Amino acid sequence: MREKVISIVQSYGKNSGRLMDILLSVQSEFGCVSEEAVSLIASELGISEVDVNQTKTFYHFFTTNRVGKYAIYMNNSVVSEMMGMAEVVDELEKQTGVKFGQTTPDGLVSLHFTACIGMSDQEPAALINSVVFTQLNRDKVRKLISDMREGKPVESMFSEYGDGVNANPLVKSMVKNNIRKAGPVTLGEYAVGTSLGKALGMDPNAVIDEVKNSGLRGRGGAGFPTGLKWMFCSKEAGEKYVMCNADEGEPGTFKDRVLLTERANMLFEGMTIAGWAIGAKEGVLYLRFEYKYLKAYLESVLADMRTKNLLGNNILGKGFNYDIRIQFGAGAYVCGEESALIESSEGKRGEPRNRPPFPVQKGYNAKPTVINNVETFCSVVKIVEQGSAWYKAMGTEESAGTKLLSISGDCEKPGVYEIAWGMTLNEMLAMVGATDVQAVQVAGPSGSCIPPSQFGRKIAIEDLATGGSMIVIGKKRDLLKDVVMNFMRFFEDESCGSCVTCRSFNMILTKQIEKVVAGTAIRTDIDNMKAWSQIIRKTSRCGLGQTSSNPITTTIENFRELYEARTKDVAYQSDFDMNKAVADSCKVVGRVPNVHHE
Amino acid sequence: MSEIVKFTIDGKEYEGVKGQLLVEVAAEKGIYIPVLCHWKGVKPAGSCRICSVKVNGRFMAGCTTPLEADMKIENDTPEILDIRKAIVEMLFVEGNHFCPSCEKSGNCDLQALGYRYQMMVPRFPYEFERRDIDASSPKLIIEKNRCIFCKRCVRMIKDEQGKSYFAFKGRGKHLQISLDKKLAVTMSEENAHKAMDACPVGCILRKEVGFAVPIGKRKYDHVSIGTDIEKLNK
């Protein structure tokens, strides 16, 4: 083991900035990053063990104990739960004889939960040794576990591949694209290299102007004008970087997965155009670990582009040198926040940075950096090719162009839709075949829970902004238990913890919603939750904390009656059940619990 | 050359050096903005949020925000004071803080802020989380029940080669502070003291040493925290 770990560290040039890659390699080689491995890595890198551990323990795909030969990471996000996760979990535990969080005594199978893996249109889904398994049910679980007992390779546990590139020999995945509506931009016609050729024939500032004039705004959710971001960065001096945020972790979003699968060329071309525009020589694709199944394919696309002189030295003979590398994450929602993503790429804990300085001033390796979402880079390719006027003619006044929506939940046709901004929720629901709708969760947990009375509102940055996640919640769902409680537990787990309000208030608010669901809350608890939510919104450092109380605030605002039905209008109610607390000891002495019986 | 700019705090006009951190600018003017994670001269963490102020109507952390021309800063308003009190209360319910039995009582910034903001009963339910005490190193006791994750020790205490003694472990609600077991063995007397003094609460304690100053005669036993700064304004 010693030699192997040392050689891994050496393969990354003994550079602590590549600690993520080192830990990922060790985890994949040994099924864990043991204390011994941590010690070796630390001494090879010349840093202390606590510094290796602080990165290792931040990401949930790094484990101290060896995971099973088959490590099953079950998605416990909201849509997975809605689509029958409980049965799958039950069957997994039955078949393996161990509980989640445990490994079978023979070391064959370990069961883990993980947050949204980007498969909300084909849930319940799980990752088994980084291979995606979708639409699981009891029968499939029984077959899987029996295959594992026979020692079959994970890749041979399914026979049908998904559509498009999913069936490519380098992917061979059962994942389906579910492209339900292709628009003219990101899912429209595309010829590799045309746009890049045009861009390289333009002055970098003219490229930036074109993007600026198109009105394109960041597609990750925050909606910052892309051209402006590029302009700020281009004005900085020295070495620069382009980074792509492919860490879509907002539960319910999966549109970047489809772009990475079907439009990888387009994405890399967009990143290269950005490099030309701002004057960068290197691009980094920060890819979430959940999409590791695309690694070999994406690398082959990069290699192919190098062969075609679309990447590398003297691109298309225009004297521009630029290349792209892939950086993997290791399971942390907060790394979708751009400065946390940079920290993570530097081998550190994914804790958001304080601003100023902004990434365009001081980003990756303390150099000016442009970070954009996958969809943003893909949009740029078409904007440069077709011109900003063409792009701006679509959408609304303030939200130009088209948007990819990831639509999941209680509807007939979950999948990816490229729509022009400005569509109403009513139109969207008709499009996806959704009836008996209780609410639409717009923009995932950090967005808003919208009631039917507001279904006339528009999907646009000026009205209902979204990074793409749209979860349809049917009338049969228990909104507070199935949705709000799930979301709050998610934030409680995913807060990086480094800023007090986000770490602590998400714990406090999660307990409060659990109290409401358990029926032990009183009316004043509702007002308290509302008031406390304001504190976390106002004082948290990054977008995670600032929006993590939204599941509670938007449902109190739009569905207050659900809270009132579950709370008592009394001045005080104990949430401590004495009879329950003494049940075990009563059992031992053979008494019936009867404390303070009325 | 440093540029002098005009700004206001709670409506009163001041002049200060552009780029200086708001908590430090304010302190020079005799205005106290409370801090728990900030330490002058050390890279700001912006993690405790107790220094939250409103700048031109927006909430910002005073310890990470540099002064710009014409900033309108709000500091002493009922809204902000209530938020600060809430943060203190939150830290009390999140960890396990029993002041009467704590070695740091009277020298503890968190306790002193509790008094300053007249905290009686926290508005939030207690977490009563189980946390460990790490007494395995020769010079220090790490009483994790009291850690408020200010990162002062993480940022400040390094060995001669710049290696960290302290670092975070885990994330979110599982976050904890950890001391490097190997490095702790050779930790210098100076670093051990520095770590204890930097800790704003009673989490990092020097082993086998008594406390020279008795309770009743400590830093905050007779004067409120922040008084030293506000004195300048009198």
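In this text, all values refer to a predicted model and were calculated from it rather than measured experimentally.

The helix and strand tally for chain A stands at 25 helices and 15 strands. Rg of the C-alpha trace for chain A: 25 Å, near the compact-globule value of 25 Å for 598 residues, within the 12% margin. Considered along the principal axes of its C-alpha atoms, chain A spans approximately 85 × 60 × 50 Å. With 598 residues in all, chain A has 62% of them scored as buried. Of the contacts formed within chain A by residues at least 6 apart in sequence, a portion of 71% connects residues at least 24 apart. Accessible surface for chain A amounts to roughly 22100 Å². Of this, 48% is attributable to carbon and sulfur atoms. Charge-centre separation for chain A: the mean point of 68 positive side chains lies 1 Å from the mean point of 71 negative side chains.

Here we come to the domain arrangement of chain B. All names here are of chain B. Here chain B is described as being made up of domain 1 (4–76) and domain 2 (85–206). For domain 1 and domain 2, the distance between their C-alpha centroids amounts to 25 Å. On the domain 2 side, the residues contacting the 14 residues of domain 1 number 17 residues. Between domain 1 and domain 2 the total buried area reaches about 1200 Å² when both faces are included, carbon and sulfur atoms providing 68% of it.

Time to look at the pattern of salt bridges. Within the structure shown, the criterion is met by 53 salt bridges over all chains. Linking A:E338 and A:K229 is a salt bridge whose minimum nitrogen-to-oxygen distance equals 3.5 Å. Taken together, the positions of A:E338 in helix α14 (residues 338–345) and A:K229 in helix α10 (residues 226–234) put the pair 109 residues apart, joining distant regions of the chain. Among the ionic pairs, A:E494 bridges to B:R171, the shortest N-O distance being 3.0 Å. Of the two residues, A:E494 is situated in helix α18 (residues 479–494) and B:R171 in the loop between β8 (166–169) and β9 (176–179); the pairing between them involves two chains.

Glancing now at the sheet that holds strand β14 (residues 448–450) of chain A. Residues and elements named next belong to chain A. Strands sit in the order β5-β12-β11-β15-β13-β14 across an open sheet of 6 strands; the sheet is mixed. A strand with exactly one partner marks an edge of an open sheet, and here the two such strands are β5 (179–181) and β14. The sheet shows a mean angle of 30° between the axes of neighbouring strands, direction not considered. Where β5 and strand β12 (residues 415–420) come together, 2 bridges link them in parallel fashion.

Next up on the list: the pairing of strand β1 (residues 4–9) of chain B. Residue and element names in this part refer to chain B. Where β1 meets strand β2 (residues 12–17), 6 bridges bridge the pair, whose relative direction is antiparallel. Within β2, the position partnered with I4 by the bridge is V17. With antiparallel pairing between neighbouring strands as the criterion, β1 and β2 make up a hairpin whose turn holds 2 residues, including D10 at a positive phi of roughly 50°. Here β1 runs beside strand β5 (residues 71–74); their pairing, made up of 3 bridges, is parallel.

On to the nonpolar core, then. Of all hydrophobic cores here, the largest spans 213 residues; its most connected members are A:I41, A:W230, A:F268 and B:F166. The element that contributes the greatest number of residues to this core is helix α12 (residues 264–278) of chain A, accounting for 10 residues. Each residue touching A:I41, except ones within four places of it in the same chain, is listed here: A:V5, A:V9, A:L19, A:I22, A:L23, A:V26, A:V33 and A:V52.

Let us look at the interface of chain A and chain B. Each side of the interface is counted separately: chain A has 41 residues, and chain B has 43 residues. At the surface where chain A touches chain B, the tally comes to 7 salt bridges. Applying the counting criterion to the chain A and chain B interface returns 23 residue pairs in polar contact (both at pLDDT 80 or more). Contributing elements (two or more residues each) for the side of chain A that touches chain B: α4 (49–56), α18, α19 (500–518) and α20 (523–539) of chain A. Counting residues per element, the side of chain A that touches chain B draws most heavily on α19(A), which supplies 9 residues. Each residue belonging to the side of chain A that touches chain B can be placed in one class, and the counts come to 14 nonpolar, 16 polar and 11 charged.

Two strands in a sheet stick together by hydrogen bonds in their backbones, pointing the same way (parallel) or opposite ways (antiparallel). Residue and element names in this part refer to chain A. Strand order across the open sheet formed by 4 strands is β2-β1-β3-β4, with mixed pairing between neighbours. Each end of this open sheet is capped by a strand with a single partner; those strands are β2 (109–114) and β4 (131–133). This sheet shows a mean twist of 25° between the axes of neighbouring strands, independent of strand direction. Summarising the sheet, strand β1 (residues 70–75) and β2 pair through 6 bridges and their orientation is parallel.

Glancing now at the domain arrangement of chain A. Residue and element names in this part refer to chain A. Here chain A is described as being made up of domain 1 (2–56), domain 2 (70–176), domain 3 (180–392), domain 4 (402–475) and domain 5 (480–588). Centre-to-centre separation of domain 3 and domain 5, based on C-alpha positions: 38 Å. Across the contact, 13 residues belong to domain 3 and 8 residues belong to domain 5. A per-residue breakdown of the area domain 3 buries against domain 5 is headed by Y333, V334 and P352, which together make up 51% of the total. For the pair domain 3 and domain 5, the number of links is 0 salt bridges. One can count 1 residue pair in polar contact (both at pLDDT 80 or more) joining domain 3 with domain 5. The residue makeup of the side of domain 3 that touches domain 5, split by class, is 5 nonpolar, 3 polar and 5 charged.

This next bit is on the environment of A:Q10. Mapped onto the secondary structure, A:Q10 falls in helix α1 (residues 2–11). Since its relative accessible area comes to 45%, A:Q10 is described here as partly exposed.

Let's shift gears to α4(A). In an α-helix, one turn spans 3.6 residues; hence positions three or four apart end up facing the same way. For α4(A), the tally of buried residues reaches 7 of 8 residues, placing the bulk of the element in the interior. For α4(A), the full list of buried residues reads A:V50, A:D51, A:V52, A:N53, A:Q54, A:T55 and A:K56. Packed against the buried residues of α4(A) are α2 (19–30) and α3 (35–45) of chain A together with β8 and β9 of chain B.

Moving on: the confidence of the model for chain B. Close reading of the predicted structure is inappropriate where its pLDDT is low. Looking at chain B as a whole, the pLDDT averages 95, with 99% of positions reaching at least 70. The complex model carries a pTM of 0.95, and its ipTM stands at 0.95.

All names here are of chain A. Relative to the helices and strands, N178 resides in the loop between α7 (138–149) and β5. Among the polar contacts made by the side chain of N178, one reaches the side chain of D121 at a distance of 2.9 Å. Look past the residues within four positions of N178 in its chain and what remains in contact with it is D121, Q122, D163, P414, G415 and V416.

Thresholds, definitions, all that
Residues numbered from 1 in each chain as written. Chains lettered and ligands numbered in written order. Predicted model: local features only at pLDDT ≥ 70, side-chain atom pairs only at ≥ 80, totals over all residues. Heavy atoms only, no water. Helix = DSSP H or I, 4+ residues; strand = E, 2+ residues; numbered from the N terminus. Rg over C-alpha atoms; globule rule 2.2 N^0.38 Å. Buried < 20%, exposed > 50% of the residue type's maximum accessible area, 1.4 Å probe, protein only. Contact = heavy atoms within 4.5 Å. Areas by Shrake-Rupley, 256 points an atom, 1.4 Å probe, with all protein chains shown as cover. Lys, Arg positive; Asp, Glu negative; His and termini not counted. Charge placed at Lys NZ, Arg CZ, Asp CG, Glu CD. Domains from an automatic or database assignment. Buried area = accessible area lost by both parts, 1.4 Å probe. Salt bridge = Lys/Arg side-chain N within 4 Å of Asp/Glu carboxyl O. Pairing = 2+ DSSP bridges. Axes fitted to C-alpha atoms, helices over the stretch in contact; angles between N-to-C directions. Core = buried A, V, L, I, M, F, W, Y, C linked by side-chain atoms within 4.5 Å. Polar contact = N/O pair within 3.5 Å; in protein donor to acceptor, adjacent residues only side chain to side chain. Nonpolar A, V, L, I, M, F, W, Y, C, P; charged D, E, K, R; others polar. pLDDT = per-residue confidence, 0-100.

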